[in-house]
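Report on the structure
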Amino acid sequence: MIGLSSRPSTKRNLTAVILCLTAAALMVVLLSLPLFHFQSVLFSKKSGNTFVGDERYIAASAEVTEAAAKYQAHQALGEVSITENVTERVNSKGETTSLVTFQVVLSSSRNGWQIMASSLPFGGILRCAMLLLVGALVLMGVSLSGGMLNESLRALPKWRKSLRGISCWMVLLSLALIPITAMNTIRVFEREIIFRLSTPEAAGLTELLRSADLFLYGGTAGEGVGDMLSGLTYSSTFALWAMIPVLFLILASMVTLCKGELKSTLASGALYLFVIALCVITLYPYYVMVITAFRENSEATDMYFTHMFPTKWIWSNLADITKRGVLGYLMNSLLLAGGATLIALVCGIPAAYAMARMRFAGKKGFLGFVIMSQMFAPVVLLVGISRLMNTLHLNDSLFGLMMVNAAFNQAFAIWLLRGTFVSISSEMEQAACIDGCNTVGALIHVLLPMSAPGIVTTLIFVFINAWNEYTISTVLISTPAKNPITVGITQFSSFNMIEWQYLFASSLLATIPVIIMFLFIEKHLVSGLTSGGVKG
């Protein structure tokens with residue numbers, strides 16, 4: 001019986017081993033194929049007022065041919081060819097002029113072994129990926145030694161299971177390093193070399209240029225390597241991206257040997273991968289905000305994003321923005337959002353209680369009006385709001401802005417709190433009244449503590465809406481010292497320049513109060529969102 005029950009696992013393990021070895025052999029073949037194609041201009045000459053076949057054309061062609069002959073001795077590095085481009089135009093006198101551009105172009109390809117032998121950063125990443133793959137194969141081979149191929153997973157010793165698990169993680173890391181290799185190639189040539197060659201930072205590229213010269217030109221470029229690399233173009237090949245499915249096949253084979261069940265394991269892995277990708281996409285803007293807040297101006301305006309982290313952390317950016325009134329803007333926003341939230345709750349709780357517990361004429365009409373009021377954006381009513389604030393002498397005051405924000409969030413607060421009160425049984429209030437409480441006492445001592453999650457949810461949404469308000473503040477507030485943070489940080493953005501490091505440093509400070517609020521009331525948020533999900 002034991003022999004019969006082990007046959008399915010033996011067949012499965014044998015199939016997985018064969019697939020793993022086949023994929024490993026295919027990986028060796030892919031490494032021997034070109035992974036990248038490169039094309040660089042070795043020599044260029046422009047000849048003006050030249051027509052094809054005339055003396056100037058022949059002389060220029062001979063010069064270019066002579067220059068190309070210098071590189072023919074290094075054809076092992078690639079194929080040397082001559083290209084020419086003729087541009088004709090008619091000048092203002094009606095005469096036809098011609099410009100002939102000659103170029104000596106080196107076209108070359110590099111396979112995986114050549115890339116791993118280079119000292120360039122992406123070569124080191126590919127080396128690391130292949131070392132992880134080899135290590136995983138070795139560990140898997142050790143775990144299968146001694147006839148363990150015929151053993152079921154339950155019969156395996158713990159250390160052999162551990163080896164198989166480690167090998168799976170190593171292949172997974174190797175798989176992740178393949179796209180990183182491609183991205184690092186872009187970073188090295190486009191950001192680290194081509195972009196920095198035109199900046200004062202070019203002096204620090206000596207070692208990188210030497211490595212690129214050895215990799216592409218066999219060390220023959222010398223001092224002219226910068227000029228050659230400035231016109232470099234490259235592209236990845238099918239062989240590079242074919243490594244991903246091959247490594248995935250190796251990973252699937254090893255997962256089968258490690259877990260026995262492939263489908264459920266891959267489904268769990270795909271779920272984790274989706275969650276990780278979603279987190280990266282969501283958190284990336286915050287990462288950019290944090291690191292840009294502590295960059296110097298030259299790095300903050302680097303459109304190529306050459307450095308993932310600041311080369312020098314400029315902590316004085318925070319001190320600079322405080323000198324320009326950012327802390328005052330933060331205090332204004334705290335007063336504005338806090339006051340608007342307090343007013344919205346003080347007015348919203350009695351209104352929501354009346355909507356949930358009382359019966360009176362026009363109740364449905366009032367509820368419809370509450371919903372309809374959410375259809376009007378503040379910008380539509382901006383002229384009327386401005387005239388009303390003028391009449392009440394509340395223009396250019398935080399209190400007037402506070403009242404307007406509370407008014408625009410009032411409908412949302414009433415609707416959400418009404419759902420919370422409806423979800424609480426009225427018998428609780430009746431019991432409180434029997435014990436001697438009146439309606440107001442029952443509301444304060446019984447209903448409000450039970451509706452705390454809904455109140456917290458309303459509080460945070462109203463606070464965030466008031467905190468993020470921008471349009472009305474720009475109209476009602478004319479004194480710069482009274483501006484909230486959303487308006488105050490616009491001082492770092494002008495028609496001809498944006499001070500990104502100060503803009504992001506201010507944004508970083510502006511997120512701190514909201515984060516702190518979430519930390520304190522996060523546990524009530526989910527229950528508050530679902531407490532109003534009651535029909536009626």
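Higher on the page you've got the structure.
The notes below deal with the structure included here.

Here is what the cut-offs are and how they apply
- Residues numbered from 1 in each chain as written.
- Predicted model: local features only at pLDDT ≥ 70, side-chain atom pairs only at ≥ 80, totals over all residues.
- Heavy atoms only, no water.
- Axes fitted to C-alpha atoms, helices over the stretch in contact; angles between N-to-C directions.
- Helix = DSSP H or I, 4+ residues; strand = E, 2+ residues; numbered from the N terminus.
- Parallel < 35°, antiparallel > 145°, perpendicular 65-115°, else oblique.
- Left-handed = near helix turned anticlockwise from the far one by under 90°.
- Contact = heavy atoms within 4.5 Å.
- Nonpolar A, V, L, I, M, F, W, Y, C, P; charged D, E, K, R; others polar.
- Pairing = 2+ DSSP bridges.
- Salt bridge = Lys/Arg side-chain N within 4 Å of Asp/Glu carboxyl O.
- Buried < 20%, exposed > 50% of the residue type's maximum accessible area, 1.4 Å probe, protein only.
- Phe/Tyr/Trp six-rings, centres within 6.5 Å; stacked < 30°, edge-to-face > 60°.
- Polar contact = N/O pair within 3.5 Å; in protein donor to acceptor, adjacent residues only side chain to side chain.
- Core = buried A, V, L, I, M, F, W, Y, C linked by side-chain atoms within 4.5 Å.

**Here we look at the packing of helix H4 (residues 121–143) against helix H8 (residues 238–259)**
Running from N to C, H4 and H8 point in directions that differ by 25°, and their axes come no closer than 12 Å. Our classification of the angle between H4 and H8 gives roughly parallel. At the point where H4 passes H8, the crossing takes the left-handed sense. Of the residues in H8, those in contact with Leu133, Ala136, Leu137 and Met140 of H4 are Leu247, Ile250, Met254 and Leu257. When grouped by side-chain class, the residues that make up the contact of H4 with H8 number eight nonpolar, no polar and no charged.

**Notes on the sheet that holds strand S3 (residues 96–111)**
Strand order in this open sheet of four strands is S2-S3-S1-S4, and the pairing throughout is antiparallel. Because the sheet does not close on itself, it has two edges, and the strands there are strand S2 (79–90) and strand S4 (233–236). Between one strand axis and the next, the sheet turns through 25° on average, direction left out of account. Direction of pairing for S2 relative to S3: antiparallel, over a ladder of 12 bridges. Within the sheet, the bridge partner assigned to glutamate 84 lies in S3 and is phenylalanine 102. Sheet strands in contact with helix H2 (residues 55–72) are strand S1 (34–48), S2 and S3, and its direction is about 145° off that of S1.

**Quick notes on the packing of helix H13 (residues 363–373) against helix H15 (residues 398–422)**
At a closest axis distance of 8 Å, the pairing of H13 and H15 adopts a crossing angle of 130°. Considering their axes alone, H13 and H15 lie oblique with respect to each other. Of the two possible hands of crossing, H13 and H15 adopt the one that is left-handed. Taking contact as the criterion, the partners of Leu367, Val370, Ile371 and Ser373 in H13 are, on H15, Ala411, Trp415 and Arg418. Considering only residue class, the contact of H13 with H15 consists of five nonpolar, one polar and one charged.

**A look at the pattern of salt bridges**
Inspection of every chain in the model, using the stated rule, returns one salt bridge. Linking glutamate 499 and arginine 324 is a salt bridge whose minimum nitrogen-to-oxygen distance equals 3.1 Å. Pair noted here: glutamate 499 is in the loop between helix H20 (485–488) and helix H21 (500–531) and arginine 324 is in the loop between helix H11 (316–323) and helix H12 (326–357), with a separation of 175 residues, a long-range link. The class of glutamate 499 is buried, set by a relative accessible area of 14%.

**A word on the packing of aromatic side chains**
Within this structure, the stated rule accounts for 14 aromatic pairs. On the numbers, 5.7 Å between centres and 90° between planes, the contact of phenylalanine 38 with phenylalanine 215 is edge-to-face. One end of the pair, phenylalanine 38, is in strand S1; the other, phenylalanine 215, is in helix H6 (residues 206–217), with 177 residues separating them in the sequence. An identical accessibility class is assigned to phenylalanine 38 and phenylalanine 215; each is buried. With 5.9 Å between their ring centres and 50° between their planes, phenylalanine 492 and tyrosine 502 make a pair best called tilted. In this pair, phenylalanine 492 sits in the loop between H20 and H21 while tyrosine 502 sits in helix H21, placing the two residues 10 residues apart along the sequence.

**What about the side chain of serine 507?**
Locating serine 507 in the fold gives a position in helix H21. Among the polar contacts listed, one links the side chain of serine 507 to the backbone oxygen of leucine 503, at a separation of 2.9 Å. If near-sequence neighbours (up to four positions away) are discounted, serine 507 is found in contact with Met289 and Ile489.

**Some words on the nonpolar core**
In this structure, Met130, Phe189, Tyr217 and Leu229 are the most contacted members of the largest nonpolar core, which totals 67 residues. With 12 residues, H8 is the largest single contributor of residues to this core.

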